[in-house]
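A structural walkthrough
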Amino acid sequence: MSRDVLGLLVGMALGCVGWFGGFGAFLLVAVLGGLGYAAGRYAEQGGDLRDLLTAERRHR
């Protein structure tokens, strides 16, 4: 799927959430979508998501 079509689908989903769920739901979906996008890009570039979780636990 090309990025422009993906952007269109994400925009439509955010528009529907904003219309039916209000601004708070719109922000929640946008933030979670951004986190999912970042994790997907990291994994696509050869990173292992388990490394992120173990690095977080080491800092505590």
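Report on the accompanying structure. Here the structure is a predicted model, which is why all the values come from computation and not from measurement.

1. So, the overall build of the protein chain
Along the protein chain, the regular secondary structure elements total three helices and zero strands. Helices and strands appear in the protein chain in the N-to-C order α-α-α. Burial analysis of the protein chain (60 residues in total) assigns 2% to the buried set. As presented, the protein chain carries roughly 5200 Å² of accessible surface, and 68% of it is formed by carbon and sulfur atoms.

2. Considering helix α1 (residues 3-21)
An ideal rise of 1.5 Å per residue puts 27 Å on 19 residues; α1 measures up with 26 Å between its terminal C-alpha atoms. Downstream of α1 by a residue or two, Gly-22 has a phi angle that is positive, lying close to 90°.

3. Some details on the packing of α1 against helix α2 (residues 23-44)
Across the interface, α1 lies against α2 with an axial gap of 7 Å and an inter-helix angle of 155°. Accordingly, the angle class assigned to the pair α1 and α2 is roughly antiparallel. Crossing hand, α1 versus α2: right-handed. Residues Arg-3, Leu-14, Val-17, Gly-18 and Gly-21 of α1 form the contact with α2, whose participating residues are Phe-23, Ala-25, Phe-26, Val-29, Ala-30 and Arg-41.

4. Details of the packing of aromatic side chains
All chains considered together, the criterion is met by one aromatic pair. For the pair Phe-23 and Phe-26, a centre-to-centre distance of 6.0 Å together with 25° between the ring planes defines the contact as stacked. With a gap of three residues between them, Phe-23 and Phe-26 both fall in helix α2, about one helical turn apart. Assessed through its relative accessible area of 27%, Phe-26 is described here as partly exposed.

Here is what the cut-offs are and how they apply
Residues numbered from 1 in each chain as written. Predicted model: local features only at pLDDT ≥ 70, side-chain atom pairs only at ≥ 80, totals over all residues. Heavy atoms only, no water. Helix = DSSP H or I, 4+ residues; strand = E, 2+ residues; numbered from the N terminus. Buried < 20%, exposed > 50% of the residue type's maximum accessible area, 1.4 Å probe, protein only. Areas by Shrake-Rupley, 256 points an atom, 1.4 Å probe, with all protein chains shown as cover. Expected span 1.5 Å × (residues − 1). Axes fitted to C-alpha atoms, helices over the stretch in contact; angles between N-to-C directions. Parallel < 35°, antiparallel > 145°, perpendicular 65-115°, else oblique. Left-handed = near helix turned anticlockwise from the far one by under 90°. Contact = heavy atoms within 4.5 Å. Phe/Tyr/Trp six-rings, centres within 6.5 Å; stacked < 30°, edge-to-face > 60°.

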